[in-house]
Amino acid sequence: MPIAASTYKEGVDPFTLREAQALVEDAKKRMSSLHERWANMRRVYRTGRWGPDDNASFDADGRLLDELPDVVPETINYTLAHLNVIVSSVIDRDPQHTAVPISGGPESEQARHAVEALLRFHWRMAQATAELRNATKDMCIVGNGFLKVGGEMLEYRSMMPVEEIDAALRSAAEAEWQASILEGREPSADMIVNSVDPVRVTEEWRPWVQHVRPEDIFVGVDCTNIRTASWVAQRVVVLADEVRTNPEYKKALDSGVEVQTSTFRSARAEDRNELQSHQGGSDNGDRPFEYATLYEFYDMRARRLMVFQLGAEKPLYDDDIPWQHPYTPYEHLGNYQDGDEFWCFGEIENIASIQEMMNELVEEQCLNARRAGTKYLVDDKAVDSDLQAALESDEHEVVAKVRVPNGANIRDIVIPVDRKGMPEDVYRTDAMLRQAMQDVLGINDFQAGGMGADRMSATAASLVEGIATIRAADKIRAVEVASAWCGQLMLMLAQEFLADDTAVRIVGRDDAEGWLSVSRSDINHQYLVSVQPESTKALNPQARQQKALQGIQEIVPALAQLGYDPEPALRSLLRDAGYDPDVLLARKVPPQPAPGEVAGQGGLPSVPDEMGALGSTEAFASSSAGFPEAELEGAPLA
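S.K.: Please set out the overall build of the protein residue by residue, giving values where relevant.
M.R.: Counting its secondary structure elements, the protein contains 22 helices and 15 strands. Residues counted as buried form 38% of the 638 residues belonging to the protein. In the protein, of all internal contacts separated by at least 6 residues, the share reaching a separation of at least 24 is 74%. For the protein, the exposed area adds up to about 36,200 Å²; of that, 51% sits on carbon and sulfur atoms.

In structure tokens form, the structure reads like this:
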């Protein structure tokens, strides 16, 4: 694993529970105003309006509540559309991880492909790109996105193949027959059956990548980089039942530690009352809605992990950090940084005022549209219900009778009043603000779906795409650095916890030879994980197809001449070109050999006929200790 600065200080006493709680309380106070500002930014992203609504859509911690805001009138939310374009252009594909050995010599160079295959396999299995996309969206909205990397050991139960069960039963039958002869007793069928377990339990270590809300991350006031932070805390809101049944917290709960709970959403009161009525008035109506707020506190100075609740007398968990690398499990995606300030600012902070001005213009235009229509000045002496109904009617060719006083002209009784339209300055200002928002965000007319976007040639689309990439270079770089560091953390965890002979599929291979067996000894070298530049950014469909066709003509023949297998590259390029490689690259089925006898697998132990009958799957299934139904479902046990 790479060597870098660590906050670990030998001999430093770990933070006590009271000190950790005080640090978190101080961070919450410092972050309260920033959290409120973030909540306003999320409202702008969601509704196009800054500030709280009558029905608040977010709580103090930025979580979406049950009470959604009413439809916001006179608002065209350009912020939502533009930010989605930015996020989609920055992170659209899986990052292509590469590993460069920095120690280990030729052996590490030979294992490089195994490391890369392992990283790409687990990245896809963890669906980490979706989590990275959510963190990128947070980075654009509030300026900060967070990812958390960890791992877990999974247990899977599955039934052994019938052939293996039969072989195990015959072996057990032979052992029981020989034991019965030595002990001078009759062979026991129950002894044979009970000695064979048909359920196979397999363990698999698997890493995961998780998106964490920035409102749930707390750091010290002196923190400038999360990789070198002296401590990091994460707020976790989970069901109270999950806390009470967590085996890691059992020791603390058995010692008398109580779990502080609260109902996460007050709107569940009616549901709780209804649930209580169904339960016959029991007091358990709140249980499905009880949540506990925990804090995972990582003391990187002393490498200790503590899990506690604010105000608690004892922690739920307090032990050494369960991995060897010196880093926190978090990665920070920052948008724009002001000096050494840890918390960055996002895009909405720069365009919220533009969105508000556009809202004012839209509101004025809507009011003007409501005032549209001809207005009339009518002599009150001549007005009756028939005339008023005719003037207000939206029907065509309506006839109304009017009583004209003697000597008066009907033109003087009903006079239409012309209403002037809005000045052109309003519409010019509206266009100016739209262009200003695109300029601030770095979005061109092609990305915004302007005129000519659907008729642009592939060459022109490539040029426009290149200009857009330059404007989004900082965000693309932040996404690449974050995904590379997450891959680095996954590799360091795999070097410590990966099970031997783990089978991973090589990306791009869809056949039986596309599997690779990897063990800890294969990857136990120091590697620097990076991401291929611009491997995550979106490609214009026309430019992507043109690039794929060019690659088929140039890259595939070159790979074949150099002795490489060109099929993985050909499959990838055909997908980019819009074709199905499974249809185009269908292989011919070789002729099947004539059926014949299958060669024997070797002689089985000599067992009397009656013992052979006992040591069979039929006898096993018919016995009282046969296949247990509950264990044959194959459900994984986390």
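S.K.: Give me the lowdown on the packing of aromatic side chains, citing residues and values where you can.
M.R.: All told, the structure shown has 14 aromatic pairs when counted by the stated rule. Centroid distance tyrosine 298 to tyrosine 330: 5.7 Å. Interplanar angle 85°. Geometry classified as edge-to-face. Of this pair, tyrosine 298 sits in strand E7 (residues 290-299) while tyrosine 330 sits in strand E10 (residues 330-334); the two residues are 32 residues apart in sequence, bridging distant segments of the chain. Since its relative accessible area comes to 4%, tyrosine 298 is described here as buried. An aromatic cluster is defined as three or more aromatic residues linked by ring pairs; in this entry it consists of Phe15, Phe218, Trp231, Tyr295, Phe297 and Phe308. Positioned above the aromatic ring of tryptophan 485 is the side chain of arginine 227, whose terminal nitrogen or guanidinium carbon lies 4.1 Å from the ring centre. The residue whose ring lies beneath arginine 301 is phenylalanine 15, and the NZ or CZ to ring-centre distance is 4.4 Å.

S.K.: Tell me about the layout of surface pockets, and please be specific about residues and values.
M.R.: For the second largest pocket, the calculated volume is near 1,500 Å³. Lys148, Trp208, Asn246, Tyr249 and Glu296 are the residues nearest the centre of the second largest pocket, which is lined by 41 residues in total. Of all the secondary-structure elements, those providing two or more residues to the lining of the second largest pocket are strand E2 (144-159), strand E3 (199-212), strand E5 (231-239), helix H8 (240-244), E7, strand E8 (304-308) and helix H16 (473-497). Looking at which element gives the most residues to the lining of the second largest pocket, the answer is E2, with 7 residues. Within the lining of the second largest pocket, the residues separate by chemical class into 25 nonpolar, 7 polar and 9 charged.

S.K.: Give me the side chain of glutamine 21: which residues, what numbers.
M.R.: With respect to the element layout, glutamine 21 can be found in helix H1 (residues 17-47). Since its relative accessible area comes to 8%, glutamine 21 is described here as buried. Those residues in contact with glutamine 21, other than ones at most four positions away along the chain, are Phe308, Gln309, Leu310, Gly311 and Ala312.

S.K.: Tell me about the pattern of salt bridges, and name the residues and values.
M.R.: For the structure on display, the rule yields 26 salt bridges. A salt bridge links arginine 42 to aspartate 138; the shortest N-O distance between them is 3.3 Å. Of the two residues, arginine 42 is situated in helix H1 and aspartate 138 in helix H5 (residues 128-141); the sequence distance between them amounts to 96 residues. Under the relative-accessibility criterion, aspartate 138 is labelled buried at 5%.

S.K.: Mind laying out unusual backbone geometry, listing which residues take part and the relevant values?
M.R.: Not every positive phi belongs to a glycine, and glutamine 127 is a case in point at roughly 50°. With respect to the secondary-structure elements, glutamine 127 resides in the loop between helix H4 (112-125) and H5. One non-glycine residue, arginine 303, adopts positive backbone phi at about 55°. Residue classification places arginine 303 among the buried positions, given a relative accessible area of 16%.

S.K.: Lay out the sheet that holds E2 with the relevant residues and their values.
M.R.: Pairing is antiparallel across the open sheet formed by 3 strands, whose spatial order is E3-E2-E10. Each of the sheet's edge strands pairs with one partner strand only, and the pair in question is E3 and E10. Across the sheet, the mean angle from the axis of one strand to that of its neighbour is 25°, orientation sign disregarded. Summarising the sheet, E2 and E10 pair through 5 bridges and their orientation is antiparallel. From the neighbouring strand, phenylalanine 146 faces E10, where its bridge partner is histidine 332. Lying over the sheet, H5 contacts E2, E3 and E10, oriented at roughly 160° with respect to E2.

S.K.: Residues and numbers for the pairing of E5, please.
M.R.: Of all 9 residues in E5, 7 are buried; the element is thus mostly enclosed. Across 3 bridges, the pairing between strand E4 (residues 217-219) and E5 is antiparallel. In the strand pairing of E5, phenylalanine 218 is matched with alanine 233.

S.K.: Can you lay out the side chain of glutamate 116 for me, pointing to particular residues and giving the numbers?
M.R.: Among the structural elements, glutamate 116 can be located in helix H4. Assessed through its relative accessible area of 12%, glutamate 116 is described here as buried.

S.K.: Just give me the short version of the nonpolar core, but keep the residues and values in it.
M.R.: In terms of nonpolar packing, the biggest core is built from 105 residues, with Phe297 and Phe308 touching the most fellow members. The element that contributes the greatest number of residues to this core is H16, accounting for 12 residues. With sequence-adjacent residues up to four places away left out, phenylalanine 308 is seen in contact with Leu17, Ala20, Gln21, Val24, Thr293, Leu294, Tyr295, Phe297, Pro315 and Leu316. Counting residues in each nonpolar core, the second largest holds 7 residues, with Met160, Ile165, Leu169 and Ile192 among its members.

S.K.: Requested: an account of a nonpolar patch on the surface, with residues and values cited.
M.R.: A cluster of nonpolar side chains, namely Leu549, Tyr579, Val583 and Leu584, defines an oily patch on the protein surface of about 400 Å² accessible area. Tracing the backbone shows leucine 584 in helix H20 (residues 581-584).

S.K.: How would you sum up the packing of helix H2 (residues 78-90) against helix H11 (residues 348-370)? Please name residues and give values.
M.R.: In a pair of packed helices, the angle between the axes and the distance between the axes together describe the arrangement. Contact geometry of H2 with H11 gives a least axis separation of 10 Å together with a crossing angle of 145°. On H11, the residues touching Tyr78, Thr79 and Leu83 of H2 are Ile348, Ile351, Gln355 and Met358. Along the lines of polarity and charge, the residues of the contact of H2 with H11 split into 5 nonpolar, 2 polar and no charged.

S.K.: Tell me about the confidence of the model for the protein, residues and numbers included.
M.R.: Counting all residues, the mean pLDDT for the protein is 78, and 76% of those residues have values of 70 or more. Mean pLDDT per element in the protein: helix H10 (residues 269-278) is the minimum at 51, and E4 is the maximum at 96. Contacts from residues 627-638, a stretch scored under 50 in pLDDT, to residues over four places away or in other chains number 23 contacts.

S.K.: Explain H2 residue by residue, including any values.
M.R.: Under the 1.5 Å per step criterion, the end-to-end length of H2 is 19 Å for 13 residues, consistent within 8% with the ideal 18 Å. Three or more residues of H2 are buried, namely Tyr78, Thr79, His82, Leu83, Ile86, Val87 and Val90. When H2 is viewed along its axis, its buried side chains cluster within an angular range of 155° and face the same direction. Buried residues belonging to H2 abut H1, H5, H11, helix H14 (424-441) and H16. For H2, the capping residue at the N-terminal end is asparagine 77, with a side-chain oxygen 3.2 Å from the backbone nitrogen of threonine 79.

S.K.: Quick one: what's the story with helix H6 (residues 162-183), residue by residue and with numbers?
M.R.: At 3.6 residues per turn, the α-helix brings residues three or four places apart onto the same side. In this model H6 runs 31 Å from its N-terminal to its C-terminal C-alpha over 22 residues, within 8% of the 32 Å that 1.5 Å per residue would give. Once H6 ends, the next one or two residues include glycine 184, with phi positive near 65°.

Thresholds applied
Residues numbered from 1 in each chain as written. Predicted model: local features only at pLDDT ≥ 70, side-chain atom pairs only at ≥ 80, totals over all residues. Heavy atoms only, no water. Helix = DSSP H or I, 4+ residues; strand = E, 2+ residues; numbered from the N terminus. Buried < 20%, exposed > 50% of the residue type's maximum accessible area, 1.4 Å probe, protein only. Contact = heavy atoms within 4.5 Å. Areas by Shrake-Rupley, 256 points an atom, 1.4 Å probe, with all protein chains shown as cover. Phe/Tyr/Trp six-rings, centres within 6.5 Å; stacked < 30°, edge-to-face > 60°. Lys NZ or Arg CZ within 6 Å of the ring centre and 35° of its normal. 1 Å grid on protein atoms, 1.4 Å probe; cavity = no way out; pocket = protein on both sides within 12 Å on 5 of 7 lines; lining within 4 Å. Points joined across faces, edges and corners; volume = space filled by probe spheres on them. Nonpolar A, V, L, I, M, F, W, Y, C, P; charged D, E, K, R; others polar. Salt bridge = Lys/Arg side-chain N within 4 Å of Asp/Glu carboxyl O. Pairing = 2+ DSSP bridges. Axes fitted to C-alpha atoms, helices over the stretch in contact; angles between N-to-C directions. Core = buried A, V, L, I, M, F, W, Y, C linked by side-chain atoms within 4.5 Å. Patch = residues over 30% accessible without salt bridge, like charges linked within 9 Å, V, L, I, M, F, W, Y side chains within 5 Å. pLDDT = per-residue confidence, 0-100. Expected span 1.5 Å × (residues − 1). Arc of directions from axis to C-beta. Polar contact = N/O pair within 3.5 Å; in protein donor to acceptor, adjacent residues only side chain to side chain.

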